[in-house]
Amino acid sequence: MAEIDIQSLFKAGSDTVLNTLRPGGTAFYIPAYQRPFSWGTGNIRRLFEDTTRGLVQLIEWEQSVTFLGSIIAIHDTSHQTVHPSVTGQLPEKVMVIIDGQQRLTCLLVVNTLIHNELFKLNARLKKIDTVATKWLASKIDEHLGELQQTLGIQRYSGDESHRVYPKMIRAIDDQWSTHEAEAKYLSPISHFLFQYISYAKNPEGAFKYTPAETTGTKQAFTETFSFAVKTAQSHVTKIVNGSLEDMPSVPSLVDSKKVGRALFSQDMPVEVVDYVDSQLADKKEYTSFEKAFRLLTYSFFLNKRTALTVVTTTEEDYAFDMFEALNTTGEPLTALETFKPKVTLAEGLSKYEASVSFKHMEEIDAYLSDYPKADQRQKASTNLLIPFSLAEEGYKLGNKLNEQRVFLRTRYDALGDINSQRQFTEHMSQISTFLKHTWPPASTKRSPVLGGGGEAEDNLPLVCLNLLQGMNHSVVLAPISRFYSRYLAETDDQVKAKRLSDLRSAIMAVTAFSVLFRSSRKDTDNIDGIYRDLMQDGATLTSESEEETVIPPFCRKPRDPQKAPNVNLLNLKRYLWNALNKKGGIHSADKYAEKSKFVPIYKINVPLTRFLLFVAYHDAIADTDIPGKVKDGTPNSQDLLSKSPWSNQESLTVEHVAPQSFSKDWEKEFFDSTQLTHSLGNLTLLPAVENSVFGNRSWTEKRALFDAISQTDPNVRTQLLEDLEGEISGVLTDRSKEIIKAADYRPIVKDLALYNGDWSKNFVLERSQHLSLRVWKILSGWLQPIN
């Protein structure tokens, strides 16, 4: 194995702000995927506070240095990342900024404002004929040249007005060139720098920054930058006037030998010390000296005693890996943000905003817009890319940003032609639309919608999706999204209605399989692998008669080109039904009931448990012939599978009949095994308020309360409570009585009210089996394939 020369891949070093910004021929480039400048008052104030405190320390300690953080960049030696560009017009050395653009931008703004103020102050100094003022003016002249080199790059050909490049530009908005017809500086920072560079060539009047004309979202970004310029200018003005907090006085700076040696490379001239100490000069002249000295000293410390650590590499992936490893407080870019420039270039910079790819990326941005915070946006990006990679080509994508970036870049490039690339972004946008409108997390407070059908028709699939979300069962997004994509892409109204019907049925089939599989075992048993196999490879199914049925892969672009995808409802049901039989070991209702009755389902997943009870009691009534059991009622006798009762989490919550923790009023066997306590047979549904009354009571008390709330006659309910109070004195508080009397009619617990036997282990297992059979009866109907 060949060894890698790590030192050749990464270069890191710390240097002053001046030496970072000044080198001739070096320019900074902000790629399109970087977010706009966003530093506000707090960030800018902190920069000035850190540097002025460092200057204060320098008075006593000659080693005082302020560290401003790190810059991570790609040294683009081949100029492959700069877009747009003019051949032969790029700076000699382009540093693509991966992290640190906010800091660098602010430093460039501050140096610009300092240069402008020092230039004006120096003009006044040169009119004063003293040794001290002449010495200071010469130092300012020298420093103005240094500052100028941090703002622009001098070229020696082309149009006179464009022979100095702005030190920093942004992709797409800007373009370096010495020819006016080709040069473009529209981003806030490049426009600001170029405007000042142009002004400094002939500095008549006051410099006034005028933002470039922008519209839409770019207008907001320009306003943020303009406000930052005003904030920085305010701090520079306070330094000049001596009103900035912590800024040391001129006498303390002049009297300190450490300041002189550290910033001016010499002890302060005697004439300067005497000039400041005596202050015998004309007050107006001394004020000019004082203002200029204060600002120069601050600028010296900012540029020559303030450090940045710069980490460079020649590979983009290495730069991002380094950023993720070092970043602790910044906002790392999502894989989608770094992918967008590739889409832009594929369509062409001039054609992008009119392209279908632009529309696709806008839809993806609309999904991400629900997540304003960096950590939320990263998670939302991952939540899109993982199901997309599975739906696109059956690929199991991980959580690491670098893996996600590589996946998007390599797959997109491999497609070759623009039409295939447009299909790629379209598919991604379809899944983002599904996540935004049909699978929204509770944090967005958005009500999910499925399609163009009526609200009543959508209820059951939306209940299913909400359950799958609650189970954190996101692997199902891949197969479901394939049906959703077919629905979105269809234009014919009749076919579209059929696609929507298939989508609803697909959601229900997936839910049925996942619920039956998961509730019949104590662990996941690699259920995700079953779905991944469907997406990646499909399956060849063999019936008892040894007839083979080929289920093609469900992903859009299978790895094997011989396997053409065929996404349809029958194939989905066939595959999942076969997986339930063969991999799940569930061949019949009895087999499911036998496997599930021992499962401590409440411990495994509460939303799944709640759903099982909803299904078991849906349109069910108490069986008066077999107390403790339920049977089919008339349609809508107890509709629990519509959106309203399911969505109201407080209306029906899971209640343990025998309590979860030990109680002397119950048989000890319930607490020897959590399998029994948390199994389906020991559970029921109650509203949260009533649930609080039932608590850890004995079976006798609970049965009486079940009986009370399942009565429609208020007099009968009151009498039952009085009978219980007469049997067990003080068993109910006044508050508990009020709650039960005011409770809505709850037929869902009538079966328990009618059961007059002992709440024993055998009965719980028998009840688990009974409820499981009802679950199977409904869910198998959603799943079983019918040609």
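One numbering rule holds for all chains: residues counted from 1, following each sequence as written. Reporting in this predicted model follows two pLDDT cut-offs: at least 70 for local features of residues, and 80 or more for side-chain atom pairs to be given and counted; totals over whole chains, interfaces and linings ignore these cut-offs and use all residues. Only hydrogens and water are set aside when side-chain values are computed; all heavy atoms of the structure are taken into account.

Can you tell me about the overall build of the protein chain, naming the residues and giving the values?
Each helix corresponds to a stretch of at least 4 residues labelled H or I by DSSP, and each strand to a stretch of at least 2 residues labelled E; elements are numbered beginning at the N terminus. Helices and strands together make up the secondary structure of the protein chain, namely 34 helices and 16 strands. Whereas a compact globule of 787 residues would reach a radius of gyration of roughly 28 Å, the protein chain reaches 36 Å, over 25% beyond that. Projected onto its principal axes, the C-alpha positions of the protein chain cover 115 × 70 × 55 Å. The burial tally for the protein chain puts 53% of its 787 residues in the buried class. A contact between two residues is defined here by any heavy atoms of the two lying within 4.5 Å. The long-range share in the protein chain, meaning contacts at least 24 apart out of those at least 6 apart in sequence, stands at 71%. Note on areas: these come from Shrake-Rupley sampling with a 1.4 Å probe, and a residue is covered only by the protein chains present in the view. Approximately 35000 Å² of the protein chain is accessible, and the part contributed by carbon and sulfur atoms is 48%. Note that the radius of gyration is over C-alpha atoms, with the globule rule given as 2.2 Å times the number of residues to the power 0.38. Categorising residues by exposure relies on relative accessible area from a 1.4 Å probe, with only protein chains included: less than 20% of the type maximum marks a residue as buried, more than 50% marks it as exposed, and the intermediate range marks it as partly exposed.

Talk me through a negative patch on the surface; I want residue IDs and the actual numbers.
Patch building starts from residues that exceed 30% relative accessible area and form no salt bridge, then joins like charges within 9 Å and nonpolar side chains (Val, Leu, Ile, Met, Phe, Trp, Tyr) within 5 Å. Salt bridges are counted wherever a side-chain nitrogen of Lys or Arg sits within 4 Å of a carboxyl oxygen of Asp or Glu. Under the convention used here, Asp and Glu are negative, Lys and Arg are positive, and both His and the chain ends fall outside the count. Positions of charges follow a simple convention, taking NZ of Lys, CZ of Arg, CG of Asp or CD of Glu. A grouping of Asp-255, Glu-271, Asp-274 and Asp-277 is seen on the molecular surface, where their side chains present a negatively charged patch. For the negative patch, the element with the most residues is helix 10 (residues 270–278), which contributes three residues. One can find Asp-255 in helix 8 (residues 250–255). Asp-255 sits in the partly exposed class, given a relative accessible area of 47%.

Kindly report on the pattern of salt bridges, identifying the contributing residues and their values.
Enumeration over the complete set of coordinates arrives at 34 salt bridges. Asp-246 is paired through a salt bridge with Arg-53; the nearest N and O atoms lie 3.5 Å apart. Taken as a pair, Asp-246 in the loop between helix 7 (217–241) and helix 8 and Arg-53 in helix 3 (residues 41–60) lie far apart in primary sequence, 193 residues in all. A residue is classified by how much of its surface remains accessible, and Asp-246, at 35% relative accessible area, is partly exposed. Counted as one network, the salt bridges with shared partners bring together Arg-22, Glu-146 and Lys-304.

So what about the confidence of the model for the protein chain? Which residues, and what values?
You can read pLDDT as the predictor saying how much it trusts each residue, on a scale of 0 to 100. Per-chain confidence: the protein chain averages 89 in pLDDT, with 94% of residues scoring 70 or above. Across the protein chain, helix 25 (residues 606–617) holds the top mean pLDDT of 97, while helix 1 (residues 6–9) sits lowest at 56. Residue range residues 453–457 is modelled with pLDDT below 50. Its contacts to residues more than four positions away, or to other chains, number six contacts.

Let's hear about the packing of helix 21 (residues 527–536) against helix 22 (residues 569–582): which residues, and what values?
Axis angles are defined between N-to-C directions and span 0 to 180 degrees, where every axis is a line fitted to C-alpha atoms and, for a helix, only to the segment in contact. At their nearest, the axes of helix 21 and helix 22 sit 11 Å apart, and the two run at 145° to each other. Seen from above, helix 21 lies across helix 22 with right-handed handedness. Counting all contacts with helix 21, which are made through Ile-530, Tyr-531, Asp-533 and Leu-534, the residues of helix 22 involved are Leu-572, Tyr-575, Leu-576 and Ala-579. Take the far helix as your reference; a near helix turned counterclockwise from it by less than a right angle gives a left-handed crossing, and one turned clockwise gives a right-handed crossing.

Can you lay out helix 6 (residues 188–201) for me, pointing to particular residues and giving the numbers?
Taking 1.5 Å of rise per residue, the 14 residues of helix 6 would be expected to cover 20 Å, and the 20 Å separating its terminal C-alpha atoms lies within 8% of that figure. Most of helix 6 sits out of view: 10 of its 14 residues are buried. Multiplying one less than the number of residues by 1.5 Å gives the expected span of a helix.

For the environment of Ile-748, give the residues involved together with the corresponding values.
Looking at the element boundaries, Ile-748 is found in the loop between helix 32 (734–742) and helix 33 (750–754). Residues Ile-748 and Leu-613, 135 residues apart in the sequence, show an inter-C-alpha distance of 10.0 Å. Here Ile-748 is in contact with Tyr-617, Gln-638, Leu-640, Leu-652, Thr-684 and Leu-685, once residues within four sequence places are set aside.

Explain the side chain of Glu-393 to me, and be specific about the residues and the numbers.
By the secondary structure assignment, Glu-393 is in helix 15 (residues 374–393). Pairing of N or O atoms within 3.5 Å defines a polar contact, subject to two protein rules: one partner must be a possible hydrogen donor and the other a possible acceptor, and residues neighboring in sequence count only if both atoms are side-chain atoms. Side chain to side chain, Glu-393 and Arg-411 meet in a polar contact 2.7 Å long. Not counting residues up to four positions away in its chain, the partners in contact with Glu-393 are Phe-407, Arg-411, Cys-555, Lys-557 and Arg-559.

Which residues make up the packing of helix 30 (residues 699–709) against helix 31 (residues 714–727), and what values go with them?
Interhelical geometry of helix 30 versus helix 31 gives an angle of 165° and a closest axis separation of 8 Å. As summarised for this structure, helix 30 and helix 31 are arranged roughly antiparallel, according to the angle between their axes. Crossing of helix 30 against helix 31: the hand is left-handed. When helix 30 is examined against helix 31, the residues Thr-700, Glu-701, Ala-704, Leu-705, Asp-707, Ala-708 and Ile-709 are found in contact with a partner set consisting of Arg-717, Leu-720, Leu-721, Leu-724 and Glu-727. Put simply, angles under 35 degrees are roughly parallel, angles over 145 are roughly antiparallel, angles from 65 to 115 are roughly perpendicular, and the rest are oblique.

Run through the packing of aromatic side chains, naming residues and quoting values.
When the centres of two rings from Phe, Tyr and Trp lie within 6.5 Å, Trp using its six-membered ring, the rings pair. Their planes under 30 degrees apart give stacked, over 60 give edge-to-face, and anything left gives tilted. Counted according to the given criterion, the structure contains 42 aromatic pairs. Ring centres of Phe-192 and Phe-225 lie 5.7 Å apart, and the angle between their planes is 75°; this geometry places the pair in the edge-to-face category. Separated by 33 residues along the polypeptide, Phe-192 in helix 6 and Phe-225 in helix 7 bring together distant segments of the chain. The pair Phe-192 / Phe-225 is uniform in exposure class, with both members buried. Aromatic pair Tyr-395 and Phe-407: ring centres 5.4 Å apart, planes at 10°, arrangement stacked. Residue Tyr-395 is located in the loop between helix 15 and helix 16 (401–415), and its partner Phe-407 is located in helix 16; the two are separated by 12 residues in the primary sequence. Residue Phe-407 is classed as buried on the basis of its relative accessible area, which comes to 2%. Of the aromatic side chains, those joined through ring pairs into one cluster are Phe-37, Phe-192, Tyr-196, Tyr-199, Phe-207, Tyr-209 and Phe-225. Consider the ring centre and the ring normal. A charge sits over the ring if Lys NZ or Arg CZ is within 6 Å of that centre and within 35 degrees of that normal. If you follow Arg-411 out to its NZ or CZ, it ends over the ring of Tyr-395, 4.8 Å from the centre. Here Arg-610 stacks its cationic end above the ring of Trp-646, 4.6 Å away from the centre of that ring.

Describe the environment of Ser-299, naming the residues involved and giving the relevant values.
Its place among the elements puts Ser-299 in helix 11 (residues 283–304). What makes Ser-299 buried here is its relative accessible area of 0%. For the pair Ser-299 and Ala-228, spaced 71 residues apart in sequence, the C-alpha separation works out to 19 Å. Apart from the residues within four sequence positions on either side, Ser-299 is in contact with Ile-114, His-143, Leu-147 and Lys-304. A distance of 2.7 Å separates the side chain of Ser-299 from the side chain of His-143, its partner in a polar contact.

Tell me about unusual backbone geometry, and please be specific about residues and values.
Looking along the chain, the bond that leaves His-83 and enters Pro-84 is cis, with omega of -5°. Here Pro-84 is to be found in the loop between strand 3 (66–75) and strand 4 (93–99). For Asp-246, which is not glycine, the phi torsion reads 75° and is therefore positive.

A description of the side chain of Ser-780 should follow, citing residues and the corresponding values.
One can find Ser-780 in helix 34 (residues 761–783). With a relative accessible area of 7%, Ser-780 lands in the buried category. A polar atom in the side chain of Ser-780 sits 2.6 Å from the backbone oxygen of Trp-776. Not counting the four nearest positions on each side in its chain, Ser-780 is found in contact with Leu-516 and Trp-577.

Any details on the environment of Met-471? Residues and values, ideally.
By the element assignment, Met-471 lies in the loop between helix 18 (455–470) and helix 19 (477–489). It is 45 Å that separates the C-alpha atoms of Met-471 and Leu-68, two residues lying 403 residues apart in sequence. Non-local contacts of Met-471, meaning those with residues more than four positions away in its chain, are made with Arg-518, Asn-605 and Leu-608.

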